[in-house]
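Listed below, chain by chain, are the residues.
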Amino acid sequence: MLWQGKSVRKSTGGRYHASRGKKRFEIGRAPADTTLGETRIRTIRVTGGNLKVRALRCEFANVSDKKTGKVQKTKILNVEENAANPNYVRRNLMTKGAIIATDLGKARIVSRPGQDGVINAVLIE
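Please read these numbers as outputs of a predicted model, since none were measured by experiment. (Residues numbered from 1 in each chain as written. Predicted model: local features only at pLDDT ≥ 70, side-chain atom pairs only at ≥ 80, totals over all residues. Heavy atoms only, no water.)

Description of the pairing of strand 4 (residues 60-65)
- Relative to strand 5 (residues 70-81), strand 4 runs antiparallel, the two sharing six bridges. The partner of Asp65 across the bridge, within strand 5, is Lys70.
- Remark: four residues form the turn of the hairpin made by strand 4 and strand 5, two consecutive strands paired antiparallel; Gly69 in that turn has positive phi of roughly 80°. (Pairing = 2+ DSSP bridges. Helix = DSSP H or I, 4+ residues; strand = E, 2+ residues; numbered from the N terminus.)

Laid out in structure tokens, this is it:
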């Protein structure tokens, strides 16, 4: 988990002198690491009492076809590419921007499964 507070350095390389230390609420949570498998979702409470839906596992994606303008729910076969991390392909981890193989063809994920709880994708073939 990372501390997500303000940077210690200015854009010029100069230093900000902190008026206080790090706070507990400024650290992030562990990533959801959405994998391929039977759908499993967790709801978590975030700041302000809001809810975030985390997809821990997902087997279906809502795939949009730009040519026809239609959206279909299709089964995800596997992860083909992931620019975020090459190791994610081996582990079948899905993030925004990942290329997945579906029944309709290859598609790029446009949603954030760890934040939204669903996988929305756009057909690229």
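Looking at the environment of Val79
- Here Val79 is to be found in strand 5.
- When its relative accessible area of 3% is taken as the criterion, Val79 is described as buried.
- Taking C-alpha positions, Val79 is 8.1 Å from Arg90, a pair spaced 11 residues apart along the chain.
- Discounting residues that sit within four places of it in the chain, Val79 has contacts with Val89, Asn92, Leu93, Met94, Ile99 and Ile100. (Buried < 20%, exposed > 50% of the residue type's maximum accessible area, 1.4 Å probe, protein only. Contact = heavy atoms within 4.5 Å.)

Considering the pairing of strand 3 (residues 51-58)
- As paired strands, strand 1 (residues 35-36) and strand 3 are joined by two bridges and run parallel to one another. Within the sheet, the bridge partner assigned to Thr35 lies in strand 3 and is Arg57.
- Summarising the sheet, strand 2 (residues 40-45) and strand 3 pair through six bridges and their orientation is antiparallel. Bridging from a neighbouring strand, Arg45 pairs with Leu51 of strand 3.
- Where strand 2 folds back onto strand 3 in an antiparallel hairpin, the turn is made up of five residues, including Gly48, whose phi is positive at roughly 85°.

Description of the side chain of Thr102
- Note that Thr102 resides in strand 6 (residues 99-102).
- Setting aside residues no more than four positions away along its own chain, Thr102 makes contact with Val63, Thr74, Lys75 and Leu77.

Re the sheet that holds strand 7 (residues 106-109)
- Read around the barrel, five strands follow the order 4-5-6-7-8 and close on themselves; strand pairing throughout is mixed. With direction set aside, neighbouring strand axes in the sheet form an average angle of 50°. (Axes fitted to C-alpha atoms, helices over the stretch in contact; angles between N-to-C directions.)

Comments concerning unusual backbone geometry
- Of note in the backbone geometry, Asp33 takes a positive phi value of approximately 50° without being a glycine.
- On the secondary structure map, Asp33 appears in the segment before strand 1.
- Positive phi outside glycine occurs at Asn92, with the angle close to 55°.
- In this structure, Asn92 sits in the loop between helix 1 (87-90) and strand 6.
- We classify Asn92 as partly exposed; its relative accessible area is 23%.

Quick word on the layout of surface pockets
- As a volume, the largest pocket reaches approximately 730 Å³.
- Lining the largest pocket are 27 residues; nearest its centre among them are Arg29, Ala30, Pro31, Arg54 and Gln115.
- Of all the secondary structure elements, the ones that give two or more residues to the lining of the largest pocket are strand 3 and helix 2 (113-116).
- In terms of residue count, the dominant contributor to the lining of the largest pocket is helix 2 (three residues).
- Within the lining of the largest pocket, the residues separate by chemical class into 12 nonpolar, seven polar and eight charged.
- Estimated volume of the second largest pocket: approximately 320 Å³.
- Taken together, 14 residues form the lining of the second largest pocket, with Trp3, Lys6, Ala18, Ser19 and Arg20 sitting closest to its centre. (1 Å grid on protein atoms, 1.4 Å probe; cavity = no way out; pocket = protein on both sides within 12 Å on 5 of 7 lines; lining within 4 Å. Points joined across faces, edges and corners; volume = space filled by probe spheres on them. Nonpolar A, V, L, I, M, F, W, Y, C, P; charged D, E, K, R; others polar.)

It is worth stressing that arrangement in space is one thing and function is another; only the former is reported here.
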